[in-house]
Amino acid sequence: MNKVEKYIDYVTTKIRQFLKQRTFVSKNQNVSLKYMLEKNRSSRILIVVFSACTRKGVKARYNYVRTLKDVKENKLFILDDFSADHRGAYYLGQNGGNEIELACQELIMQKAEELRAKKIILCGSSKGGWAALNLMTDIKDADAIVGAPQYYLANYLLAPPLKICREFIMPDVTEQKIKGLNEYLRNKLKKKAGDKHKIYLHYSDSEHTYNEHVRFLIEDLESFGYDVAFDCRHYTEHWDVSRYFPDYLLDSLTGCCKGE
């Protein structure tokens, strides 16, 4: 996606956001989630899209709205604009909690029931990819299509640009809390390894998150016995996932919606 396409995507999404954004208030978690829902009453599939992390100084945005405009399924876009800078909290919670995660589960299952969805597909790149894998483990038979997700989350959040996000999720940095957050997703994937999930994983083996995160995720997914389709590219900057993932997302949805 070039700069002009990104600008068009931004403007289009802003217009849709103005017209379609709603707020979901969780009954059990005292959490409010902003979301957009695009319905197709003839579909029994619900596609859920999580937002990636924006650059410093830019509030969270919905992702892949324009990418999926021609996909004739139910689509639920959930915004993660928590923390002081509104760039998000990995859909987790404050100070070691998981109230946002639980609220997302509640919202997804409510919409799935309303739409009589028989299949749920969770999607996202980078932060959104982490969230998609994380929420996948909580939803029976859900599939995930993810691009270049982080894996050892605490290590990633210790980088200076993500200080505000880290302070929301993990204000007190201790070895125990670092270990717990780093292993959060791994422990859930291991626990749910016997469930029926299909994972489509896009990544580059030439950008820094591969050696820091993705290769360990791949090792664990294979070790745990998950059904995974891989798409390996060779771009050198992590942010280039936004250029390569949209086509992979569309291609993967074609197979995933057909049960392939």
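Before reading on, note that the structure itself is shown above.
Every value quoted in this text rests on a predicted model; they were computed, and no experiment measured them. (Residues numbered from 1 in each chain as written. Predicted model: local features only at pLDDT ≥ 70, side-chain atom pairs only at ≥ 80, totals over all residues. Heavy atoms only, no water.)

Caption draft 1: Up close: the overall build of the protein chain. When its secondary structure is counted, the protein chain shows 9 helices and 8 strands. Here the C-alpha atoms of the protein chain give a radius of gyration of 17 Å, agreeing with the 18 Å that 2.2 N^0.38 yields for 260 residues. Its C-alpha atoms give the protein chain principal-axis dimensions of about 50 × 40 × 35 Å. Expressed as a percentage of its 260 residues, the buried residues of the protein chain come to 54%. Sequence-distant contacts in the protein chain: of pairs separated by 6 or more residues, those separated by 24 or more amount to 72%. (Helix = DSSP H or I, 4+ residues; strand = E, 2+ residues; numbered from the N terminus. Rg over C-alpha atoms; globule rule 2.2 N^0.38 Å. Buried < 20%, exposed > 50% of the residue type's maximum accessible area, 1.4 Å probe, protein only. Contact = heavy atoms within 4.5 Å.)

Caption draft 2: Representation of empty space enclosed by the protein within the structure. What the rule picks out here adds up to 1 cavity of 30 Å³ or more. As for the largest cavity, its lining consists of Ala52, Cys53, Tyr90, Ser126, Gln150, Tyr156 and Trp239. Counted by class, the lining of the largest cavity contains 5 nonpolar, 2 polar and no charged residues. (1 Å grid on protein atoms, 1.4 Å probe; cavity = no way out; pocket = protein on both sides within 12 Å on 5 of 7 lines; lining within 4 Å. Points joined across faces, edges and corners; volume = space filled by probe spheres on them. Nonpolar A, V, L, I, M, F, W, Y, C, P; charged D, E, K, R; others polar.)

Caption draft 3: Seen up close, the layout of surface pockets. Computed from the structure, the second largest pocket encloses a volume of approximately 310 Å³. Taken together, 20 residues line the second largest pocket, and the ones lying closest to its centre are Lys118, Lys119, Asp141, Ala142 and Asp143. Those elements that provide at least two residues to the lining of the second largest pocket are helix H2 (99–114), strand E5 (119–125) and strand E7 (198–204). With 3 residues, the single largest contributor to the lining of the second largest pocket is H2.

Caption draft 4: Molecular detail of the nonpolar core. Among the nonpolar cores identified, the biggest contains 60 residues, and Phe50, Ile108 and Leu122 are the most heavily contacted of them. Among all residues touching Ile108, those that are not within four sequence positions of it are Leu46, Val48, Phe50, Leu76, Ile78, Ile120, Leu122 and Ile139. (Core = buried A, V, L, I, M, F, W, Y, C linked by side-chain atoms within 4.5 Å.)

Caption draft 5: Representation of the environment of Ala131 within the structure. Here Ala131 is to be found in helix H3 (residues 127–136). Sequence-wise, Ala131 and Lys20 are 111 residues apart; in three dimensions their C-alpha atoms are separated by 23 Å. When sequence neighbours within four positions are dropped, the list of residues in contact with Ala131 reads Phe50 and Tyr91.

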